[in-house]
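An overview of the molecular structure
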Amino acid sequence: MKRHPKVTIITPCLNSEDTIRETIESVLHQTYTNIEYIIIDGKSTDNTIHIIQEYIPLFRGRLRFISEKDSGIYEAMNKGIKLSTGSLIGIINSDDFYSNDAVENIILHMTDDKYQVIYGYCRLMNKNRIIGIVKYRHENLKDGMIPHPTCFVTRKVYQDFGLFLRSFHIVSDYEFMIRLYDSNRVVFTQIKDIIANFRTGGTSCNMKKRKIEDVWVKYHYKWISFGDVLKSVIEIYFLKDFR
């Protein structure tokens, strides 16, 4: 492994003026510096673009962004991946932010394996209040997603396993991780430290839609039967509060 590999960080955003400054600051002040930063804006109509432009000179050539209409967050992520040049790629959304030593911590755990996912703990925030820490492990993907804001993936993974599927609106990152885990070819490494901070309340927190998409992903990979799908759909729509 290179001693100082380039890391690409991607931030998809849309009308994120209230939170994106903290996201950008968390990338700017990383203790690890061989970082290129790519921001993919979905044609924001608020002050988001002006905030991004403030930071361009501070990154000294390491920040670039595009602003154009897209079909959603996963198309934006895919655009960023295609533009990236780093050997390791992390994705942090515009309402989340990294710990200052996040990338350095990730690099310390990187190996020579071609296919890697390196991830850690994620602090949950409700506004500025800490409400919990997510420590989900990849061995338990059947029960739920590992914290995607903490995940760093080697470039070869995207090249050989593909990008995010746009057919899912909320859980394409979950499908992607199951795809990798199910292959038995990707090395997953968990770091027992907080890598990122996640603010609750976004699209991914729409529990009904998330549960429905979760069920279909698990069925696609034959982790559950069609009977389990029917049982889950009935429970989600009829036995639980409709949310």
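Coordinates for the structure precede this section.
Before going into details, it helps to say that this report is about the structure given with it.

What counts and what doesn't
Residues numbered from 1 in each chain as written. Predicted model: local features only at pLDDT ≥ 70, side-chain atom pairs only at ≥ 80, totals over all residues. Heavy atoms only, no water. Salt bridge = Lys/Arg side-chain N within 4 Å of Asp/Glu carboxyl O. Helix = DSSP H or I, 4+ residues; strand = E, 2+ residues; numbered from the N terminus. Buried < 20%, exposed > 50% of the residue type's maximum accessible area, 1.4 Å probe, protein only. Pairing = 2+ DSSP bridges. Contact = heavy atoms within 4.5 Å. Patch = residues over 30% accessible without salt bridge, like charges linked within 9 Å, V, L, I, M, F, W, Y side chains within 5 Å. Areas by Shrake-Rupley, 256 points an atom, 1.4 Å probe, with all protein chains shown as cover. Expected span 1.5 Å × (residues − 1). Phe/Tyr/Trp six-rings, centres within 6.5 Å; stacked < 30°, edge-to-face > 60°. Core = buried A, V, L, I, M, F, W, Y, C linked by side-chain atoms within 4.5 Å.

1. Things to note about the pattern of salt bridges
Per the stated rule, a full pass over the model turns up eight salt bridges. A salt bridge links Arg 21 to Glu 54; the shortest N-O distance between them is 3.0 Å. Note that Arg 21 is positioned in helix H1 (residues 20-28) and Glu 54 in helix H2 (residues 48-55), a separation of 33 residues in sequence. What makes Glu 54 partly exposed here is its relative accessible area of 42%.

2. Brief notes about the pairing of strand S7 (residues 129-134)
Sheet topology note: the strand S6 (residues 116-126)/S7 ladder contains five bridges and is antiparallel. In the sheet register, Met 125 faces S7, and the bridge partner there is Ile 130. Here S6 folds back onto S7 in antiparallel fashion, the turn holding two residues, of which Lys 127 has a positive phi close to 60°.

3. Concerning helix H3 (residues 73-83)
In terms of residue burial, H3 counts as a mostly covered element, since eight of its 11 residues are buried. Among the residues making up H3, those that are buried are Tyr 74, Glu 75, Ala 76, Met 77, Asn 78, Lys 79, Gly 80 and Ile 81. On its buried face, H3 is in contact with strand S1 (7-13), strand S2 (35-41), strand S3 (63-67), strand S4 (88-91), helix H5 (155-161) and helix H6 (172-183).

4. Comments concerning a nonpolar patch on the surface
On the surface, a cluster of nonpolar side chains totalling about 380 Å² of accessible area is made up of Trp 216, Tyr 219, Phe 226 and Leu 230. Elements supplying a minimum of two residues to the nonpolar patch: helix H7 (207-220) and helix H8 (226-239). Taking relative accessible area as the criterion, Leu 230 reaches 44% and is therefore assigned partly exposed.

5. Let's talk about H6
Spanning 12 residues, H6 covers 17 Å between terminal C-alpha atoms, matching the ideal 16 Å at 1.5 Å per step. Buried within H6 are the following residues: Ser 172, Asp 173, Tyr 174, Glu 175, Phe 176, Met 177, Ile 178, Arg 179 and Leu 180. Packed against the buried residues of H6 are H3, S6, strand S8 (152-154), H5, strand S9 (187-199) and H7. Trailing H6 by a residue or two, Asn 184 shows a phi angle of about 60°, which is positive.

6. What to know about the side chain of Thr 48
With respect to the secondary-structure elements, Thr 48 resides in helix H2. Setting aside residues no more than four positions away along its own chain, Thr 48 makes contact with Cys 13, Asn 15, Ser 16, Glu 17, Ile 20 and Asp 41.

7. Regarding the packing of aromatic side chains
Counted under the stated rule, the structure contains eight aromatic pairs. The structure contains a cluster of three or more aromatic residues connected by ring pairs, namely Tyr 74, Tyr 158, Phe 164 and Phe 176.

8. As for unusual backbone geometry
A positive phi angle, near 75°, is found at Lys 43, a position not held by glycine. Assignment of secondary structure puts Lys 43 in the loop between S2 and H2. Accessibility expressed as a relative area gives 42% for Lys 43, which makes it partly exposed.

9. Examining the nonpolar core
Among the nonpolar cores identified, the biggest contains 34 residues, and Val 117, Ile 146, Tyr 158, Phe 164, Met 177, Leu 180 and Phe 188 are the most heavily contacted of them. Counting only elements with at least two residues in this core, the list comes to S2, H3, S4, S6, H5 and H6. If one sorts the elements of this core by residue count, H6 sits on top with five residues. Among all residues touching Phe 188, those that are not within four sequence positions of it are Val 117, Tyr 119, His 138, Ile 146, Met 177, Leu 180 and Tyr 181. Ile 20, Val 27, Ala 102 and Met 110 belong to the second-largest nonpolar core, a separate cluster that totals 29 residues.

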